[in-house]
Amino acid sequence: MNGKQLIYRNGRLQLPADIADWSASELAGWLQLLPLDDRVRAFRALPFNRAAMGYMALPAVDRATLLGALNGDNRRRLAVLSGVDSLVETLRNADTSTRTAVLAELPETRRGEVEARLEALAAQEAALAGQQGKGRRKTWGGAVGRMLRRRGRRHTPAA
């Protein structure tokens, strides 16, 4: 990322001069290089359409982190622009306070759909976790204890 280096002047991040010409993936890559505070400042300094392109190209975990750090207006605008699948994926990776804030700012019709998908995913994950718990293999330590109990001897640990 030659021309996309982080440049600080007087302790402040400087946006590259040609940032308006970058593709969404280049912009997302550059945003990922920044610490969260600078990422928020850079997002707010960019024209909103460019910033939104970079946001949408970020991985879901980074989108969730950035969404939580933004102010309510930017959060609401990004949530409305995001597709339902993208928003659900982002909110799955977000902390509770971010998830609550974003859901509260969504229009009622959109909120219902997003909440329903989040609940369905949570139920699916819980069912999957329950299936994995049932198929556990017994440990060798438990097997030795059972074997000793069957023989009528008591297993006492060595001191």
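Residues numbered from 1 in each chain as written. Predicted model: local features only at pLDDT ≥ 70, side-chain atom pairs only at ≥ 80, totals over all residues. Heavy atoms only, no water.

## Re the packing of aromatic side chains
Here comes step 1: Tallied over the full model, the rule gives two aromatic pairs.
Here comes step 2: Ring centres of Trp-22 and Trp-30 lie 5.8 Å apart, and the angle between their planes is 70 degrees; this geometry places the pair in the edge-to-face category. Neither residue differs from the other here; Trp-22 and Trp-30 are each classed as buried.
Here comes step 3: Lying across the ring of Phe-48, Arg-77 places its NZ or CZ 3.7 Å from the centre. (Phe/Tyr/Trp six-rings, centres within 6.5 Å; stacked < 30°, edge-to-face > 60°. Buried < 20%, exposed > 50% of the residue type's maximum accessible area, 1.4 Å probe, protein only. Lys NZ or Arg CZ within 6 Å of the ring centre and 35° of its normal.)

## Remarks on the environment of Thr-96
Here comes step 1: Relative to the assigned elements, Thr-96 resides in helix H7 (residues 96-105).
Here comes step 2: According to the relative accessible area criterion, Thr-96 is exposed, its value standing at 55%.
Here comes step 3: Sequence separation of Thr-96 and Gly-68 is 28 residues, and the distance between their C-alpha atoms is 9.7 Å. (Helix = DSSP H or I, 4+ residues; strand = E, 2+ residues; numbered from the N terminus.)

## Comments concerning the packing of helix H5 (residues 72-81) against H7
Here comes step 1: Contact geometry of H5 with H7 gives a least axis separation of 9 Å together with a crossing angle of 70 degrees. Classified by the angle their axes make, H5 and H7 are roughly perpendicular. Residues Gly-72, Arg-75, Arg-76 and Ala-79 of H5 pack against Ala-101, Val-102 and Glu-105 of H7.
Here comes step 2: Grouping the constituent residues of the contact of H5 with H7 by class yields three nonpolar, one polar and three charged. (Axes fitted to C-alpha atoms, helices over the stretch in contact; angles between N-to-C directions. Parallel < 35°, antiparallel > 145°, perpendicular 65-115°, else oblique. Contact = heavy atoms within 4.5 Å. Nonpolar A, V, L, I, M, F, W, Y, C, P; charged D, E, K, R; others polar.)

## Notes on the pattern of salt bridges
Here comes step 1: All chains considered together, the criterion is met by eight salt bridges.
Here comes step 2: In this structure, the salt-bridge partner of Arg-63 is Glu-89, at a minimum N-O distance of 3.9 Å. You can see Arg-63 sitting in helix H4 (residues 60-69) and its partner Glu-89 sitting in helix H6 (residues 84-92), a full 26 residues away along the chain.
Here comes step 3: A salt bridge links Asp-85 to Arg-117; the nearest nitrogen and oxygen atoms lie 2.2 Å apart. One end of the pair, Asp-85, is in helix H6; the other, Arg-117, is in helix H8 (residues 108-134), and 32 residues separate them in sequence.
Here comes step 4: A relative accessible area of 56% means that Asp-85 is categorised as exposed.
Here comes step 5: One salt-bridge network, held together by shared partners, links Asp-85, Glu-113 and Arg-117. (Salt bridge = Lys/Arg side-chain N within 4 Å of Asp/Glu carboxyl O.)

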